[in-house]
Amino acid sequence: MKKVIVGLLGCGNIGSGVVKLIAQMREDIRRHYQLEIEVRRALVRSTEKKRIPEVPASILTNDPDQVLNDPDISVVLEFLGGEQPAADYMARALRAGKSVVTANKMALALHWPELQRAAEESGSGFYYEASVGGAMPIIRMLQSSLQANHITRLSAIINGTTNYLLTRMTDEGMDYQTVLADAQRLGLAEPDPAADVEGEDASYKLSILSSLAFHAHIPVSDIQREGMTHISQVDIKCAGDMGYVIKLVASASREEDVVDAFVSPVLVPKIHPLASVKGAFNAVYLHGHAFDDMMIYGRGAGSAPTASAIVSDLICAAQESNAASSTFEVVEGLSESVRMAQDRTCAFYLRLQVKDNPGVLAHVASCLSGQKVSVRALQQPQGSGDGAQITILTHPAAESSIRKAVSAFDAELVTVMNVLRVEE
Ligand SMILES: NC(=O)c1ccc[n+]([C@@H]2O[C@H](COP(=O)([O-])OP(=O)(O)OC[C@H]3O[C@@H](n4cnc5c(N)ncnc54)[C@H](OP(=O)(O)O)[C@@H]3O)[C@@H](O)[C@H]2O)c1
C-alpha cells in the first residue's frame, strides 16, 4: 500500500469538503488504488474557528512553512482563494518538488507560466481540474481525451452565480436587484458580487480552457469582457419572444491563427443545448473536427462537487510522477502561434427606444443598411413614455459595423438601450 502525506493551503468551504470526502472514500481509495492518504497539516487564518468534525484542530496551523517546508508532505492542495499569497505558495511547493493540486482559477490564470515552469523544472505534478467547472472533468478532456482533434470552438456557461441569477430572472420574471439580494441571502452570490456579475471569474476560466483547447496561451488580458448587470427584464422578455434565452457565455473560437475570446451576455436559441443549462449548473459546448459537437454538463461549484475533482487530482498526483502537463509551450503573454481577432462577425440584438415620429424606422434602417447590416427580424413590443421600444435581430454582421451604425443614430430620435451578441 502506497502512502501519500498531504498538506492543505486553506480549509474553508472547499478544503473542509476535501477532508470530508477523503474520510468518506478512505476505504474505497485503499481498496481500488492501494493508496493511503494522510492529511498532515492545513493552513488557515484562524486556528480557533469552528470547523466540521472531520477537520481535527491538531492539523490546523497559521504558519505556511509547516506545510511548505515539511519534507514528508509530497502533495500540496491549494484552496486559499485569490491571487496572493496563493500563487507564491504554490510556486514554492512546486520548486521544492511537491506536486500541487489547485482549485484556484484566478491564481492559475494570472500565474500559469511561472507555475508551469516551476513544475517542469522540478519534475513535480501540477493539477487544476477543479479550477474550471467544479466536478466536470473538462480539463482532463482537453489535456488527453480530445487530443486527436483540432478544436475550433468552445462556448461555455462557467459561472454558476450569473447563470442562477439569469435563470430566475427568466423563469420567475424577477428583476436583477431582487434576485441578487435573494441569492446573497441563500449564499449563492458573494456579498460583493462584482467578480461574478462583471464576468471576471468566467474570463479566468475561459483563459484556462481556451489555452488548453487551442494549444496556445490566451492570457486573461486578451479576453474581451462584458458583465450582465445591464440585462433587464425587458431584454429577457424580448429575447424570449424571439425564441432566445440570455446567458452569460464564455466563448472562444480559433480559425487558422486567429483566436477570438470573450465573456458576455449572449442570446442563445431556446433549442441550443446551452439554453437548457439552468440554475447554478455549468456546461461546456465544444466543436472539434473529428468529434464534431459535444457538451459536458454538471455542477460547477459547491463543496462536494469541487472536492470530487480535487481528490481525483490527488489520486493522480500520488500515482504519477513527473506529470506536469500542459497542451502548449508556456510563455508569459499571448503565444506567438496565434493573434487575437480585431473584429468579429455574428448576429446582433438591438433594443432601441425610439421617438414616435414618422420616418424613425426608416432612419434606423438606413443607418444599418449604410453599414451593410441587414435586419432579420424587427419587433415593436411595447409603447413607453413618449416613444416606443423596438427590438431588432440582425443577420450576421461585423461588430465594428454594428458599432458604426449605432453611433450614426440621431440621438434626438433613438436611444440605444442594449446591444447583445446572438449565438446561432
Ligand atoms: N466555493 C466553491 O464552490 C468553489 C468552486 C471551485 C473552486 N473554488 C476555489 O476554491 C478556492 C477556495 O474557495 P473557498 O470557497 O473554499 O474559500 P473560503 O471558504 O474562503 O476558504 C479559504 C480558506 O483559506 C484560508 N486562507 C485564506 N487566506 C489565507 C491566508 N492568507 N493565510 C492562511 N489561510 C488563508 C481561510 O482560513 P480561515 O478558514 O481561517 O478563514 C480558509 O480556510 C478559491 O480559489 C475558489 O475560487 C471554489
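S.K.: Which parts of the structure should I look at to understand the overall build of the chain?
M.R.: A tally of helices and strands in the chain yields 13 helices and 18 strands. In terms of C-alpha radius of gyration, the chain reaches 24 Å, essentially the compact-globule figure of 22 Å for 424 residues. Of all 424 residues assigned to the chain, the portion counted as buried reaches 44%. Of the contacts made within the chain by residues no fewer than 6 positions apart, 75% connect residues no fewer than 24 positions apart.

S.K.: I would appreciate a short explanation of the packing of helix H5 (residues 138-145) against helix H9 (residues 200-214) in the present structure.
M.R.: In a pair of packed helices, the angle between the axes and the distance between the axes together describe the arrangement. The interhelical angle for the contact between H5 and H9, taken along N-to-C directions, is 15 degrees, at an axis separation of 9 Å. One way to sum up the angle between H5 and H9 is to call them roughly parallel. Every pair of crossing elements has a handedness; the one defined by H5 and H9 is left-handed. Where H5 approaches H9, its residues Ile138, Ile139, Leu142 and Gln143 are matched on the opposing element by Leu209, Leu212 and Ala213. Here the residues of the contact of H5 with H9 sort into six nonpolar, one polar and no charged.

S.K.: Hey, could you run me through unusual backbone geometry in this one?
M.R.: For the bond running from glutamine 84 to proline 85, omega is 5 degrees, close enough to zero to count as cis. Of note, proline 85 is situated in the loop between strand E4 (75-78) and helix H3 (86-95). One non-glycine residue, histidine 215, lies in positive phi territory at about 55 degrees. With respect to the helices, strands and loops of the structure, histidine 215 is situated in the loop between H9 and strand E8 (224-225).

S.K.: Sorry if this is basic, but what is going on with the nonpolar core here?
M.R.: In summary, soluble globular proteins display a tendency toward joint burial of nonpolar side chains. Counting 128 residues, the largest nonpolar core has Leu9, Leu77, Ala156, Leu209 and Ile310 as the members making the most contacts within it. Residue contributions to this core peak at nine residues, all from helix H4 (residues 105-122). If we skip the residues at most four places from it in the chain, leucine 77 touches Val6, Leu8, Leu9, Val18, Val101, Ile310 and Leu314.

S.K.: Would you explain helix H6 (residues 160-172) in this entry?
M.R.: In an α-helix, one turn spans 3.6 residues; hence positions three or four apart end up facing the same way. Taking 1.5 Å of rise per residue, 13 residues should cover 18 Å, and H6 covers 17 Å from first to last C-alpha, within 8% of that figure. For H6, the complete set of buried residues consists of Gly160, Thr161, Thr162, Asn163, Tyr164, Leu165, Leu166, Arg168, Met169 and Thr170. Once H6 finishes, glycine 173 follows within two positions and takes phi at roughly 65 degrees, a positive value.

S.K.: What is the right way to read the pairing of strand E11 (residues 281-288) from this model?
M.R.: On a regular strand, each side chain points to the face opposite its neighbour's, so the side chains alternate between the two faces of the sheet. Note that strand E7 (residues 151-157) and E11 share six bridges and pair antiparallel. Among the inter-strand pairings, leucine 154 is bridged to a residue of E11, identified as leucine 286. As paired elements, E11 and strand E12 (residues 292-299) share eight bridges and run antiparallel to each other. Counterpart to glycine 288 in the pairing with E12 is aspartate 292. Counting the residues between successive antiparallel strands, the hairpin from E11 to E12 contains three residues.

S.K.: Looking at this model, I keep getting lost on the environment of valine 249. Mind explaining?
M.R.: Note that valine 249 resides in strand E9 (residues 244-255). For the pair valine 249 and alanine 405, spaced 156 residues apart in the sequence, the C-alpha separation amounts to 25 Å. Apart from residues no more than four positions distant in its own chain, valine 249 is found in contact with Ser155, Ala156, Ile157, Ser264, Val266, Val268 and Glu423.

S.K.: I keep staring at the domain arrangement of the chain and nothing clicks. Help me out?
M.R.: Size of an interface, as often reported, equals the accessible area lost when the parts are brought together. Domains assigned within the chain are domain 1 (2-136 + 305-319), domain 2 (138-299) and domain 3 (345-422). Computed from C-alpha atoms alone, the centre-to-centre distance between domain 2 and domain 3 is 26 Å. If you look at the interface, domain 2 gives 11 residues, while domain 3 gives 11 residues. Secondary structure elements with two or more residues in the side of domain 2 that touches domain 3: helix H10 (233-241) and strand E10 (258-269). Tallied by class, residues from the side of domain 2 that touches domain 3 come to seven nonpolar, two polar and two charged.

S.K.: When you look at the site of the ligand in this model, what are you seeing that I'm missing?
M.R.: In the vicinity of the ligand, 24 residues are found, and the nearest of them are Gly10, Gly12, Ile14, Gly81 and Ala301. Among the elements that make up the shell around the ligand, the one with the highest residue count is helix H1 (residues 13-33) (three residues). Residue composition of the shell around the ligand, grouped by class: 10 nonpolar, 11 polar and three charged.

S.K.: Which parts of the structure should I look at to understand the sheet that holds strand E5 (residues 99-102)?
M.R.: Each strand in a sheet pairs with another by means of backbone hydrogen bonds, the pair being arranged parallel or else antiparallel. Strand order in the open sheet made by the six strands is E3-E2-E1-E4-E5-E6, with parallel pairing throughout. A single partner strand is all that each edge strand has here, and the edge strands are strand E3 (60-61) and strand E6 (126-127). Pairing of E4 with E5 involves four bridges; the strand directions are parallel. Looking across to E5, one finds that leucine 77 is bridged to valine 101.

S.K.: Help me understand the environment of glycine 133 in this model?
M.R.: Relative to the helices and strands, glycine 133 resides in the loop between E6 and H5. You can call glycine 133 buried: it has 31 C-beta atoms within 10 Å. Separated by 148 residues in the primary sequence, glycine 133 and phenylalanine 281 have C-alpha atoms spaced 8.9 Å apart. Not counting the four nearest positions on each side in its chain, glycine 133 is found in contact with Ile138, Ile158, Asn282, Val284, Gly298 and Gly300.

S.K.: Teacher, can you tell me more about the environment of serine 366 here?
M.R.: By secondary structure assignment, the location of serine 366 is in helix H12 (residues 360-370). Note on serine 366: 12 C-beta atoms within 10 Å, which makes it exposed. When the C-alpha atoms of serine 366 and phenylalanine 409 are compared, they prove to be 9.4 Å apart, with 43 residues separating the residues in sequence.

Rules of the game
- Residues numbered from 1 in each chain as written.
- Predicted model: local features only at pLDDT ≥ 70, side-chain atom pairs only at ≥ 80, totals over all residues.
- Helix = DSSP H or I, 4+ residues; strand = E, 2+ residues; numbered from the N terminus.
- Rg over C-alpha atoms; globule rule 2.2 N^0.38 Å.
- Buried ≥ 20, exposed ≤ 12 C-beta atoms within 10 Å, placed from the backbone.
- Contact = placed C-beta atoms within 7 Å.
- Axes fitted to C-alpha atoms, helices over the stretch in contact; angles between N-to-C directions.
- Parallel < 35°, antiparallel > 145°, perpendicular 65-115°, else oblique.
- Left-handed = near helix turned anticlockwise from the far one by under 90°.
- Nonpolar A, V, L, I, M, F, W, Y, C, P; charged D, E, K, R; others polar.
- Core = buried A, V, L, I, M, F, W, Y, C linked by C-beta atoms within 7 Å.
- Expected span 1.5 Å × (residues − 1).
- Pairing = 2+ DSSP bridges.
- Domains from an automatic or database assignment.
- Near = placed C-beta within 6 Å.

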